[in-house]
Amino acid sequence: MKRTTITLFALLAGLGMANAETVAPADVTYEDGAIAQSLTGVAGNPTEGAKVISTKSLGNCVACHEITDLADVPFHGEVGPLLDGAGDRWSEAELRGIVANAKMMFEGSMMPSFYKTDGFIRLGNAYTGKAHEGEVEPLLTAQQIEDVVAYLMTLQ
Amino acid sequence: MKKFHGIAALVAASFTGAAIATADENAELVINGDIEIVTKTAAPAHLSDALDEVMSGWRFRSDQTQSMQMDDFDNPGMLGAENGAEIWATADGTEGKSCADCHGAPEEMAGVKAVYPKWNEEAGEVRTLQMQVNDCRENRMGAEPWGYDKSDAIDVEALLASVSRGMPVNVAIDGPAQEAWEKGKEIYYTRFGQLELSCANCHEDNYGNMIRADHLSQGQINGFPTYRLKNTKLNGAHSRFKGCIRDTRAETFSPGSPEFVALELYVASRGNGLSVEGPSVRN
């Protein structure tokens, strides 16, 4: 039952990727660090966003940020600020910009750029320590970025 | 000044419902009730614009891990040093010589580990301790060189570290070593991989902070070789560098590579003034 929903979701996400409305990482326009336009045109799913934020192999945002709402996820880091109230402090466009490429908002930020595919030094093949070959995938898909932003907007 | 988040870490631990064993950052290390180890001291001059104090990774480990290093009988890394002592006394190679035949007792080498990596005038290069040992093996013993950070090499390095324990790390960074040192420094501040993180991002800007379940230290190497509870063996500094760079989703460098030799010199120099404490225990 659960598996079907996940597969269906993956399928939809896949379709979203292929959708003409998906903005590729290189085509994103930032204004003062914010991205006004949705990357996919498909509304983000906050439940999926929370999953991306807390899963090590996905966003792993909790490695650096504490989020009270996700207290049941073990081990929140303290490298970045507490994200409680992020949806109050920032607009949706600003959050999209921060998650896609935080260095546009915060110069020299330690926060990784989750929707960027170029400009890396010695890019590896995931966590193998070997050199990357072929096309570069961003850390998160366009729809995952939208899902994360939708979740952050619930942190009011 | 660095901000510390010891209290924040404790709060986070209780709030996530999982017990993260936080370190007592004020504990002092005395080994066997005898060897006093400097685990915190003023930063060396070349580092003073970045850090006020340098601290050994020992300070950031849990009480239990800390105490394993206070007595050689509890320190699993000492088994490696013991094996190193056996290798030291055993003849090898076409010359039929052992390390002891030329160097005497291991204790004769007290102080050597503290000044490596070091410029070798004859060879015209900066050498790590392992490179120097391999030079003796190949050119004085007629023996095969050991693989970099492999068990024999690490065990002998642990032996040589153990006889220098308590002595201040004091690697030279000027003169002919300066070029390699500059190269190591550049690597230290380069933001590698898809996560675009440098050594400094984690170990200079965020030591004392938690990154997920890990309590970040300054990434010092005065305690190497280090016995890690995680992989239950002695680990070389280059292997640790390799792992840290791999974790940034980067193409890493290899143990023994010129990049890691330079990086070892630079990182060692960041710990000038701390005591040699290898073989240490870490998680």
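Residues numbered from 1 in each chain as written. Chains lettered and ligands numbered in written order. Predicted model: local features only at pLDDT ≥ 70, side-chain atom pairs only at ≥ 80, totals over all residues. Heavy atoms only, no water.

An unreviewed UniProt entry annotates chain B as SoxAX cytochrome complex subunit A originating from Aliiroseovarius zhejiangensis. A UniProt comment under Sequence similarities (unreviewed entry) is attached to chain B, and it reads "Belongs to the SoxA family." Reading the Subunit (unreviewed entry) entry of the UniProt record for chain B gives the comment "Heterodimer of SoxA and SoxX." (UniProt positions renumbered as here; feature names shortened; annotations may be inferred.)

If you check an unreviewed UniProt entry, chain A appears there as Sulfur oxidation c-type cytochrome SoxX from Aliiroseovarius zhejiangensis.

Peer 1: Got a minute to help me understand the packing of helix α7 (residues 178-188) of chain B against helix α10 (residues 258-270) of chain B in this structure?
Peer 2: The relative placement of two packed helices comes down to the angle between their axes together with the axis-to-axis distance. All names here are of chain B. At their nearest, the axes of α7 and α10 sit 7 Å apart, and the two run at 90 degrees to each other. Between α7 and α10, the angle is such that the two are roughly perpendicular. Facing α7, whose interface residues are Ala180, Trp181, Lys183, Gly184, Lys185, Ile187 and Tyr188, α10 presents Pro258, Glu259, Ala262, Leu263, Leu265, Tyr266, Val267, Ser269 and Arg270. Considering only residue class, the contact of α7 with α10 consists of 10 nonpolar, 2 polar and 4 charged. (Axes fitted to C-alpha atoms, helices over the stretch in contact; angles between N-to-C directions. Helix = DSSP H or I, 4+ residues; strand = E, 2+ residues; numbered from the N terminus. Parallel < 35°, antiparallel > 145°, perpendicular 65-115°, else oblique. Contact = heavy atoms within 4.5 Å. Nonpolar A, V, L, I, M, F, W, Y, C, P; charged D, E, K, R; others polar.)

Peer 1: Would you mind going over the UniProt feature "domain: Cytochrome c" (unreviewed entry) in chain A with me for this structure?
Peer 2: According to UniProt, the feature "domain: Cytochrome c" (unreviewed entry) maps to residues 44-156 of chain A in the numbering used here. Secondary structure across residues 44-156 of chain A comprises 31% helix and 0% strand; the distance between its end C-alpha atoms is 17 Å.

Peer 1: Would you explain α7 of chain B in this entry?
Peer 2: One turn of an α-helix holds 3.6 residues; hence residues three or four places apart share an orientation. All names here are of chain B. Within the span of α7, buried status applies to Ala180, Trp181, Gly184, Ile187 and Tyr188. All buried residues of α7 project into a common sector of 120 degrees when viewed along the axis, lining one side. Exposed side of α7, more than 90 degrees from the buried face: Glu179 and Glu186 are the residues found there. Next to the buried residues of α7 lie β6 (125-127), α8 (199-203) and α10. (Buried < 20%, exposed > 50% of the residue type's maximum accessible area, 1.4 Å probe, protein only. Arc of directions from axis to C-beta.)

Peer 1: Could you clarify how one ought to interpret the packing of helix α2 (residues 46-54) of chain A against helix α5 (residues 142-153) of chain A in this entry?
Peer 2: Residues and elements named next belong to chain A. Between α2 and α5, the least distance of the axes is 7 Å, while the angle of their chain directions is 100 degrees. In this view, α2 runs roughly perpendicular relative to α5, as classed from their interaxial angle. Residues Pro46, Glu48, Gly49, Ala50, Val52 and Ile53 of α2 touch α5, and the partners they reach there are Gln144, Asp147, Val148, Ala150, Tyr151 and Leu152. In terms of residue class, the contact of α2 with α5 is made up of 8 nonpolar, 2 polar and 2 charged.

Peer 1: Is there a simple way to explain the UniProt feature "domain: Cytochrome c" (unreviewed entry) in chain B in this structure?
Peer 2: Residues annotated by UniProt as "domain: Cytochrome c" (unreviewed entry) correspond here to residues 79-232 of chain B. End-to-end, the C-alpha atoms of residues 79-232 of chain B are 12 Å apart, and along that stretch the chain is 36% helix and 8% strand.

Peer 1: What should I look at first to understand the packing of aromatic side chains in this one?
Peer 2: Two measures describe an aromatic ring pair: the distance that separates the ring centres and the angle between the ring planes. Taken as a whole and judged by the stated rule, the model has 8 aromatic pairs over all chains. Among the aromatic residues, ring-to-ring pairing joins Trp181, Tyr188, Tyr189 and Tyr266 of chain B into one connected group. Directly above the aromatic system of Trp146 of chain B lies the positively charged group of Arg137 of chain B, at a separation of 4.1 Å from the ring centroid. A cation sits over an aromatic face here: Arg249 of chain B above Tyr127 of chain A, 5.0 Å from the ring centre. (Phe/Tyr/Trp six-rings, centres within 6.5 Å; stacked < 30°, edge-to-face > 60°. Lys NZ or Arg CZ within 6 Å of the ring centre and 35° of its normal.)

Peer 1: Is there a simple way to explain the interface of chain B and chain A in this structure?
Peer 2: A common way to state how big an interface is: give the accessible area lost once the parts meet. With 33 residues of chain B at the contact, the number on the chain A side is 40 residues. Taking both sides of the interface into account, the surface hidden between chain B and chain A amounts to around 3100 Å²; carbon and sulfur atoms contribute 56%. For the pair chain B and chain A, the number of links is 2 salt bridges. The partner of Glu196 of chain B in a salt bridge is Lys116 of chain A, and the shortest N-O contact between them spans 2.9 Å. Counting residues per element, the ones that place at least two in the side of chain B that touches chain A are α1 (6-15), α8 and β7 (210-211) of chain B. Residue contributions to the side of chain B that touches chain A peak at 4 residues, all from α1 of chain B. (Buried area = accessible area lost by both parts, 1.4 Å probe. Salt bridge = Lys/Arg side-chain N within 4 Å of Asp/Glu carboxyl O.)

Peer 1: I keep staring at the nonpolar core and nothing clicks. Help me out?
Peer 2: Nonpolar side chains tend to gather and get buried jointly when the protein is soluble and globular. With 37 residues, the main nonpolar core has Tyr188, Ile221, Phe241, Leu263 and Leu265 of chain B as its most contacted residues. Secondary structure elements with two or more residues in this core: β4 (53-55), α7, α8, α9 (237-246) and α10 of chain B. Setting aside chain neighbours within four positions, we find Ile221 of chain B in contact with Ala237, Phe241, Glu264, Val267 and Ala268 of chain B. Counting residues in hydrophobic clusters, the runner-up holds 35 residues, among them Ile53, Ile67 and Ala100 of chain A together with Ile211 of chain B. (Core = buried A, V, L, I, M, F, W, Y, C linked by side-chain atoms within 4.5 Å.)

Peer 1: Mind showing me how you'd approach helix α4 (residues 92-101) of chain A here?
Peer 2: Residues and elements named next belong to chain A. Most of α4 sits out of view: 8 of its 10 residues are buried. Taken together, the buried positions of α4 are Ala93, Leu95, Arg96, Gly97, Ile98, Val99, Ala100 and Asn101. In the core, the buried residues of α4 are packed alongside α3 (86-89) and α5.

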